[in-house]
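The primary structure of each chain is shown beneath.
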Amino acid sequence: MLFYSFFKSLVGKEVVVELKNDLSICGTLHSVDQFLNIKLTDINVTDPEKYPHMLSVKTCFIRGSVVRYVQLPADECDTQLLQDATRKEAAQNKQR
């Protein structure tokens, strides 16, 4: 639930989602669910020559299981807070 909460805080921000098939999509994060499925609006493909059929698409839904990376805006990511929260969640899971 840590990453779900983190991504919910980034709604409305510009992100780049790289898929497992090497397609990279840049867009505004519209929503995310508990399965880390992502909905992007105002999208652009980083390599339009390779994926010309994606030029007409403006909104997309991405299944969480096909995501390789999500590139976040550097100024929106508090790495120290994220590391602390991850350690805390790992310690709680270890006690169970």
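Rules used throughout
- All residue numbers refer to positions counted from 1 along the written sequence of the respective chain.
- Totals for whole chains, interfaces and linings use every residue, but because this is a predicted model, local features are given only for residues with pLDDT of at least 70 and side-chain atom pairs only at 80 or more, for both listing and counting.
- Where side-chain values are given, they derive from all heavy atoms of the structure, hydrogens and water being excluded.
- UniProt positions are given in the numbering used here, feature names are shortened, and annotations may be inferred rather than shown by experiment.
- Secondary structure follows DSSP: runs of H or I at least 4 residues long count as helices, runs of E at least 2 residues long count as strands, and numbering of each begins at the N terminus.
- At least two bridges found by DSSP between two strands is the condition for calling them paired.
- Note on geometry: axes are lines fitted to C-alpha atoms, helical ones only across the stretch in contact, with angles between N-to-C directions running from 0 to 180 degrees.
- Criterion for a disulfide: a pair of cysteine sulfur atoms at a distance within 2.5 Å.
- Accessibility here uses a 1.4 Å probe with only protein chains present; expressed as a share of the type maximum, an area under 20% marks a residue as buried, one over 50% as exposed, and anything in between as partly exposed.

K.L.:
Looking at this model, I keep getting lost on the UniProt feature "domain: Sm" (unreviewed entry) in the chain. Mind explaining?
P.N.:
Residues given the UniProt feature "domain: Sm" (unreviewed entry) here are residues 2-76. Secondary structure across residues 2-76 divides into 9% helix and 43% strand, with the first and last C-alpha atoms of the span separated by 16 Å.

K.L.:
Please explain the sheet that holds strand β5 (residues 67-71) as it appears in this structure.
P.N.:
By way of backbone hydrogen bonds, the strands of a sheet pair with one another, either parallel or antiparallel. Reading across from one edge, β4-β3-β2-β1-β5 is the order of the 5 strands in this open sheet, with antiparallel pairing throughout. Each edge of the open sheet carries a strand with a single partner, namely β4 (59-62) and β5. Between one strand and the next, the sheet's axes are offset by a mean angle of 40°, whatever the strand orientation. Across 4 bridges, strand β1 (residues 14-19) lies against β5 in antiparallel orientation. Considered in β5, the bridge of V17 is made with V70.

K.L.:
In this structure, what is going on with the state of the cysteines? I would like to understand it.
P.N.:
Covalent bonding between the sulfur atoms of two cysteines is what defines a disulfide. This structure, assessed with the given rule, holds 0 disulfides. The structure places no disulfide on C26, whose sulfur is separated from the nearest cysteine sulfur, that of C60, by 11 Å. In this structure C26 comes out as buried when scored by relative accessible area, which is 18%. Given a relative accessible area of 12%, C60 falls into the buried group.

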